[in-house]
Amino acid sequence: MSTVVQIVNKSHHPLPAYATQSSSGMDLKAYVSSPVVMAPLERVLIPTGLFIALPENWEAQIRPRSGLAIKQGLTCLNTPGTIDADYRGEIKVILINLSNEVQIIEDGDRIAQMVFQPVEKVSLQKVDTLDSTERGEGGFGHTGKK
């Protein structure tokens, strides 16, 4: 049985849906009254016209679309963006143009994908030291390129 998420759609676009049986994300579409022109390195906040009510202990993650990233150099700036279960505002997507060319977002363009995930709550326990591991403090590419 799937989890039910309530959604209000103030746009004129169809509700997001899974494109295939095995898709993990649903595409989000731009809901803009006129084309949005993005200069290289420009950031914009694109509305979707969608509002959701997530069940407790769930989140929605807003992620880039790979095709948009490779073909146009557009990606989500804070990725994944997190929608908390108690947020009721409009879903908006922060896009950045990482290409060297002007990019245009039109109404109905698929701009991001939304993935739903359960959230496991943890309790933090303050300690003075941590147990050691083989990796230790190595990070940020410490294992090399090859």
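A quick note: this is a predicted structure, and the numbers were derived from the prediction, not measured.

### Side note on a nonpolar patch on the surface
Argument step 1. Taken together, the side chains of Val-37, Val-102 and Ile-104 make up a nonpolar region of the molecular surface, amounting to roughly 250 Å² of accessible area.
Argument step 2. Mapped onto the elements, Val-37 comes out in strand S3 (residues 36-38).

### Structural notes on the sheet that holds strand S2 (residues 26-29)
Strand pairs in the sheet, formed through backbone hydrogen bonds, run parallel or antiparallel to each other.
Argument step 1. Spatially, S2-S11-S6-S8 is the arrangement adopted by the four strands of the open sheet, whose pairing is antiparallel. Of all the strands in the sheet, just S2 and strand S8 (81-83) have a single pairing partner and so form its edges. Mean inter-strand twist for the sheet, computed between neighbouring axes without regard to direction, equals 35°.
Argument step 2. Judged from the four bridges that link them, S2 and strand S11 (residues 110-118) form a sheet pairing that is antiparallel.

### Structural notes on the packing of aromatic side chains
Argument step 1. Inspection of every chain in the model, using the stated rule, returns zero aromatic pairs.
Argument step 2. Lys-10 extends its terminal NZ or CZ atom over the ring of Phe-51, reaching a point 4.9 Å from the ring centre.

### What to know about the nonpolar core
Argument step 1. By size, the foremost hydrophobic cluster in this structure holds 26 residues, and its most contacted members are Ile-46, Ile-62, Leu-95 and Ile-105.
Argument step 2. Those elements that provide at least two residues to this core are S2, S3, strand S4 (43-47), strand S5 (50-53), strand S6 (58-63), strand S7 (74-76), strand S9 (92-97) and S11.
Argument step 3. Examining the composition of this core, we find that four residues originate from one element, S11, more than from any other.
Argument step 4. In this view, Ile-62 contacts Leu-28, Cys-76, Asn-78, Thr-79, Pro-80, Gly-81, Ile-83, Ile-91, Val-93, Ala-112, Gln-113 and Met-114; residues no more than four positions away in its chain are not counted.

### A few points about unusual backbone geometry
Argument step 1. Of note, the bond from Thr-79 into Pro-80 is cis; its omega dihedral lies within 30 degrees of zero at -5°.
Argument step 2. The residue Pro-80 is located in the loop between S7 and S8 in this model.
Argument step 3. Although it is not a glycine, Asn-57 adopts a positive phi angle of roughly 65°.
Argument step 4. Looking at the secondary structure, you find Asn-57 in the loop between S5 and S6.
Argument step 5. According to the relative accessible area criterion, Asn-57 is partly exposed, its value standing at 34%.

### Description of the pattern of salt bridges
Any two side chains of opposite charge can pair if their charged atoms end up close together.
Argument step 1. Under the definition given, this model contains two salt bridges.
Argument step 2. Across the pair Arg-65 and Asp-27 runs a salt bridge whose closest N-O atoms are separated by 3.3 Å. Placement of the pair is Arg-65 in the loop between S6 and helix H1 (66-72) and Asp-27 in strand S2, with a sequence separation of 38 residues.
Argument step 3. A relative accessible area of 17% means that Arg-65 is categorised as buried.

What counts and how
- The numbering scheme is per chain: residues are counted from 1 as the chain's sequence reads.
- Note on the predicted model: pLDDT of at least 70 is required for a residue's local features to be given, and 80 or more for side-chain atom pairs to be given and counted; whole-chain, interface and lining totals, by contrast, use all residues.
- Hydrogens are left out, water is left out, and the side-chain values use all remaining heavy atoms of the structure.
- Think of a patch as exposed residues, more than 30% relative accessible area, with no salt bridge, where like charges cluster within 9 Å and nonpolar side chains (Val, Leu, Ile, Met, Phe, Trp, Tyr) cluster within 5 Å.
- Method for areas: the Shrake-Rupley scheme with a 1.4 Å probe, in which residue coverage is limited to the protein chains shown.
- When a carboxyl oxygen of Asp or Glu lies within 4 Å of a side-chain nitrogen of Lys or Arg, that pair is called a salt bridge.
- Strands here are runs of E lasting at least two residues and helices are runs of H or I lasting at least four, both read from the DSSP assignment and numbered beginning at the N terminus.
- Pairing between two strands is assigned when DSSP locates at least 2 bridges connecting them.
- Whenever a helix is involved, its axis is fitted only over the stretch in contact; in every case the axis is a line through C-alpha atoms, and angles between N-to-C directions fall within 0 to 180 degrees.
- Each pair of aromatic rings taken from Phe, Tyr and Trp, with Trp reduced to its six-membered ring, is defined by centres within 6.5 Å and is described as stacked if the planes are under 30 degrees apart, edge-to-face if over 60, and tilted in the remaining cases.
- The criterion is that NZ of a Lys, or CZ of an Arg, lies within 6 Å of the ring centre and within 35 degrees of the ring normal, and then a charge sits over that ring.
- What is meant by a nonpolar core is a set of buried Ala, Val, Leu, Ile, Met, Phe, Trp, Tyr and Cys residues, joined one to another through side-chain atoms within 4.5 Å.
- Burial classification: accessible surface area is computed with a 1.4 Å probe over protein chains only, and a residue below 20% of its type maximum counts as buried, one above 50% as exposed, and the rest as partly exposed.
- Here a residue-residue contact requires only that any non-hydrogen atoms of the pair lie within 4.5 Å.

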